[in-house]
Amino acid sequence: MNFNPTYIITIDGTSSSGKSTISRLLAKKLNFKLLDSGKLYRSAGYIACDMYDSLDMVKDYPGLVSKISLKPNINSHEYEVYYKNKIIDSLLYDENIGLAASIVSKVPQVRESMYNLQHSCVQGNGLIANGRDMGTEVFKDAQLKIYITAEINIRARRRFEELIDKGDDVHYQDIYNSLKKRDDSDINRDISPLKIPNNAHILDTSHVKPDAIVDKILNLYTITNN
Ligand code: DC
């Protein structure tokens, strides 16, 4: 019997497939809270860089996670990350932090410590949880599981345009290569690899706009919630 009335939608998938945009739109439409688990691993990477001179010097892996606290933003409902009493979300998206996140996210003690933090986000009438292992590991009993992907050349083009718009000096081929490397690492790692969860609905965003994907998920929600 399920005593928890919170409806959980997991959204897993490849990098730059549109998970974040879709999750935000969906959280707004459904008035659900939103957990971006990638942001938690980025935060653990950020804290490791703040506390230690190098990542091989980290001694207390659970300590990287216990220093994170989460609070939902009152407008977007997205959980924001607090470290040393400050919101650090905007500091998590540079290349170094991404690299640190990809290293600490492979450490079993870090992943184990994340469970409680992620489960603490199950509050209110609903939660959208996005990442790599939301439907396979963290929220195995979620009522609706989505797996989002898109062709790699389209994801690389999107990421390239995003960075060019930000004013970064980048080359398409480098972005393509690094995305391919991330896919390989996400899919082939030993611990919590990216997999399509059982019973997940697979949505390809290559030629479909985020709004249309959101409508499809809202339809699935209506069907599964009745
Ligand atoms: O989705 P992202 O790029 O913000 O994720 C940052 C890193 O965290 C990336 O290396 C993948 C990892 N990650 C993970 O291991 N498990 C998750 N559920 C989400 C992200």
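Not measured: the values here are computed from a predicted model.

Draft legend 1. Expanded view of the site of the ligand. R42, R111, D133, R182 and R189 are the nearest of the 14 residues found near the ligand. Between the ligand and the protein, one listed contact pairs a nitrogen atom with a side-chain N or O atom of S37 at 3.0 Å. Contact between the ligand and R189: an oxygen atom at 2.9 Å from a side-chain N or O atom of the residue. Isolated, the ligand exposes 450 Å² of accessible area, and the fraction of that covered by the protein chains is 92%. At the level of elements, helix 2 (37-51) and helix 4 (95-104) are the ones that each hand at least two residues to the shell around the ligand. At four residues, helix 2 tops the list of elements feeding residues into the shell around the ligand. Taken together, the residues that form the shell around the ligand break down as three nonpolar, five polar and six charged.

Draft legend 2. Structural view of the sheet that holds strand 8 (residues 201-204). The parallel open sheet is built from five strands, whose spatial order is 2-6-1-7-8. Of all the strands in the sheet, the pair left with one neighbour each is strand 2 (33-36) and strand 8. The average undirected angle you get between the axes of adjacent strands in this sheet is 20°. In this structure, strand 1 (residues 7-13) lies alongside strand 6 (residues 126-131), joined through six bridges in parallel fashion. The residue bridging I11 from the neighbouring strand is N130, located in strand 6.

Draft legend 3. Seen up close, the packing of helix 1 (residues 19-30) against helix 9 (residues 210-224). Relative to each other, helix 1 and helix 9 sit at 50°, their axes nearing to 10 Å. Considering their axes alone, helix 1 and helix 9 lie oblique with respect to each other. Of the two possible hands of crossing, helix 1 and helix 9 adopt the one that is right-handed. Together, T21, I22, L25, L26, K29 and L30 of helix 1 and P210, D211, I213, V214, I217, L218 and Y221 of helix 9 make up the contact between the two elements. Residue composition of the contact of helix 1 with helix 9, by class: ten nonpolar, one polar and two charged.

Calculation criteria
- Residues numbered from 1 in each chain as written.
- Predicted model: local features only at pLDDT ≥ 70, side-chain atom pairs only at ≥ 80, totals over all residues.
- Heavy atoms only, no water.
- Near = heavy atom within 4 Å.
- Polar contact = N/O pair within 3.5 Å; in protein donor to acceptor, adjacent residues only side chain to side chain.
- Areas by Shrake-Rupley, 256 points an atom, 1.4 Å probe, with all protein chains shown as cover.
- Helix = DSSP H or I, 4+ residues; strand = E, 2+ residues; numbered from the N terminus.
- Nonpolar A, V, L, I, M, F, W, Y, C, P; charged D, E, K, R; others polar.
- Pairing = 2+ DSSP bridges.
- Axes fitted to C-alpha atoms, helices over the stretch in contact; angles between N-to-C directions.
- Parallel < 35°, antiparallel > 145°, perpendicular 65-115°, else oblique.
- Left-handed = near helix turned anticlockwise from the far one by under 90°.
- Contact = heavy atoms within 4.5 Å.

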